[in-house]
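Each chain, written out:
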Amino acid sequence: MKECRMDLSIVVPCYNEEEAIPIFFDAVTAIVDQMGVNYEFVFVDDGSSDSTLGILRNLAKAHPQVRYVSFSRNFGKEAGIYAGLQYARGEHVALMDADLQDPPSYLPRMYEALQTGKYDNVATRRSTRAGEPPIRSFFSRAFYRLINRLSDVPIVDGARDYRMMKRKMVNAILATGEYNRFSKGLFSWVGFRTLWLSYDNVERVAGQTKWSFWKLTKYALEGIVNFSHAPLDIATNIGMFMTIVAFIWAAVLILKKIIIGDYNVSGWTSLTCIIIFLGGLQLFSIGIMGQYIARIFLETKHRPLFIVAESSDEENGETEE
Ligand code: UDP
Ligand code: MG
């Protein structure tokens, strides 16, 4: 197990955040300096194409409490979170976005709550979705309703990734080495005692959101397939239902033939509709199965979750195990 040399690590996944990082750094430093703890920043540059890496290099040079890891390409926020947690050396680890949508003023409260010994982790959710396009809010809400019906682990609507955890929870998260990571589900799945804080939605301080509608849809599907096998049950249930319907329909046709003696050679239209309908259902079910198989395929390759191109530790002659 990793030796913890810090009271607090602040893990920040960054993708093209050149504008936000300096503002973020100043705002968070101002608050954490007041807390009287021994802390470090762990910035994860997720293959940014702007000058994020250069800014991080300079920050690390100027401030001993800043460390960074830079990926060889964009691996996604989930990989960024994992890498950050792996590099963090703190007894407590906070996870924050670089855009100040996660108010740093909550850090002292989170830290205190963990000191009481009543909680292992303090999580946050936003109480409003102000500033978000209404259509996006609508689909987000629908997604949370759906996934909570389908999945065994609760996934809180509006939950942010902003949280502070004790080392034992961080280790538990790191032990879930799955390739297809849906952190919102994993945080819930590992358990532990959670205190929820909520705040009004804050708009990002600079730069653009990295989430297009398409990316969010993929993320939602990822969540459902990773934390529920209900879609597979849907395919099974439809199959059973259609089989029963087929039996009844066959019985009706046979009886009709025997009783009425009706020799009906027409019926091309109905037949075509039935074939197309069943064909569609079959492809749909195979597609659902395919979603799961594709994930099994990815998992069995055991590829690394991220590839590090550069990190501040190497430059200082330190090595991570
Ligand atoms: N992010 C990342 N990799 C990505 C996309 C985003 O590390 O591929 C980081 C991003 O730099 C930010 C955080 O994840 O610090 C949240 O991203 P963003 O603010 O775009 O999402 P939103 O707040 O709109 O949900
Ligand atoms: Mg944001």
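Parameters and conventions
- In this convention, every chain numbers its residues from 1, walking through the sequence in written order.
- Chain letters start at A and ligand numbers start at 1, both assigned in the order the entries are written.
- Restriction of local features to residues with pLDDT of at least 70 applies here, the model being predicted, together with a cutoff of 80 or more for giving and counting side-chain atom pairs; totals for whole chains, interfaces and linings are based on all residues.
- As a convention, hydrogens and water are excluded, and side-chain values are obtained from all of the structure's heavy atoms.
- A single heavy atom is enough: if one lies within 4 Å of a molecule or strand, its residue is considered near that molecule or strand.
- For this analysis, a polar contact is any N or O atom pair within 3.5 Å, provided that within protein one partner can donate a hydrogen and the other can accept it, and provided that sequence-adjacent residues contribute only side-chain to side-chain pairs.
- Residue exposure ignores everything except the shown protein chains as possible cover, and the areas themselves are Shrake-Rupley values with a 1.4 Å probe.
- Each residue's exposure class comes from its accessible area (1.4 Å probe, protein chains only) as a fraction of the maximum for that residue type: buried when under 20%, exposed when over 50%, partly exposed otherwise.
- In this description a helix means any DSSP run of H or I spanning at least four residues, a strand means any run of E spanning at least two, and both kinds are numbered starting from the N terminus.
- Should DSSP find at least two bridges between two strands, the strands are regarded as paired.
- We define a nonpolar core as any set of buried Ala, Val, Leu, Ile, Met, Phe, Trp, Tyr and Cys residues linked to one another through side-chain atoms lying within 4.5 Å.
- For Phe, Tyr and Trp, where Trp contributes only its six-membered ring, two rings pair if their centres lie within 6.5 Å, and the inter-plane angle classes them as stacked under 30 degrees, edge-to-face over 60, or tilted in between.
- Placement of a positive charge over a ring is assigned whenever Lys NZ or Arg CZ falls within 6 Å of the ring centre and within 35 degrees of the normal to the ring plane.
- A helix's residues, less one, multiplied by 1.5 Å, set its expected span.
- A contact between two residues is defined here by any heavy atoms of the two lying within 4.5 Å.
- All axes are obtained by fitting lines to C-alpha atoms, using only the stretch in contact for helices, and the reported angles, taken between N-to-C directions, cover 0 to 180 degrees.

> Describe the site of ligand 1, listing the residues and the values that go with them.
Lining the immediate environment of ligand 1, one finds 17 residues, of which Glu-17, Asp-46, Asp-99, Gln-101 and Thr-209 sit closest. Separating an oxygen atom of ligand 1 from a backbone N or O atom of Tyr-15 is a distance of 2.8 Å. In this structure, Lys-77 approaches ligand 1 through a main-chain N or O atom, which is 3.5 Å from a nitrogen atom. The fraction of the free accessible surface of ligand 1 (530 Å²) that becomes covered by protein chains is 93%.

> Please set out the pairing of strand 6 (residues 159-166) residue by residue, giving values where relevant.
A regular strand carries its side chains on alternate faces of the sheet. In terms of residue burial, strand 6 counts as a mostly covered element, since eight of its eight residues are buried. Relative to strand 6, strand 4 (residues 90-95) runs antiparallel, the two sharing four bridges. If you follow Leu-95 over to strand 6, its bridge partner there is Arg-163. Examined bridge by bridge, strand 5 (residues 121-126) and strand 6 share four bridges and lie antiparallel to one another. Of the residues in strand 6, the one forming a bridge with Val-122 is Met-164.

> Which residues make up the nonpolar core, and what are the values?
Grouped together as the largest cluster of nonpolar side chains are 35 residues, with contacts concentrated most on Leu-8, Ile-10, Val-32, Phe-41, Phe-43 and Leu-107. Every element with two or more residues in this core is listed here: strand 1 (6-14), helix 1 (20-34), strand 2 (39-45), helix 2 (52-62), strand 3 (66-71), helix 4 (107-115), strand 6 and strand 7 (194-199).

> Just give me the short version of the packing of aromatic side chains, but keep the residues and values in it.
Within the structure shown, the criterion is met by 15 aromatic pairs. On the basis of an interplanar angle of 55° and a centroid distance of 6.1 Å, the ring pair of Phe-182 and Phe-227 is categorised as tilted. In this pair, Phe-182 sits in the loop between helix 6 (167-175) and helix 7 (183-189) while Phe-227 sits in helix 8 (residues 213-227), placing the two residues 45 residues apart along the sequence. Taking the relative accessible area as the measure of exposure, Phe-182 reaches 0% and is therefore buried. Taken together through their ring pairs, the aromatic side chains of Phe-24, Phe-25, Tyr-39, Phe-41 and Phe-43 make up a single cluster. Its end group placed over the ring of Phe-187, Arg-163 keeps NZ or CZ at 4.0 Å from the ring centre.

> Which residues make up helix 8, and what values do they have?
Here helix 8 is 15 residues long and its end C-alpha atoms lie 21 Å apart, about the 21 Å a rise of 1.5 Å per residue gives. When helix 8 is considered as a whole, its buried residues turn out to be Tyr-219, Ala-220, Glu-222, Gly-223, Ile-224, Val-225, Asn-226 and Phe-227. In this fold, the buried residues of helix 8 make contact with helix 3 (77-87), helix 5 (134-150), helix 7, helix 9 (230-260) and helix 10 (268-301).

> Requested: an account of the sheet that holds strand 3, with residues and values cited.
Ordered in space as 7-5-6-4-1-2-3-8, the eight strands form an open sheet in which the pairing is mixed. Of all strands in the sheet, those bounded by a partner on one side alone are strand 7 and strand 8 (308-311). Sheet twist, expressed as the average angle between the axes of neighbouring strands with direction ignored, equals 20°. Here helix 3 sits on the sheet in contact with strand 1, strand 2, strand 3, strand 4, strand 6 and strand 8, set at roughly 145° to strand 2. Running over the sheet, helix 4 touches strand 1, strand 4, strand 5, strand 6 and strand 7 and is turned about 45° from strand 6.

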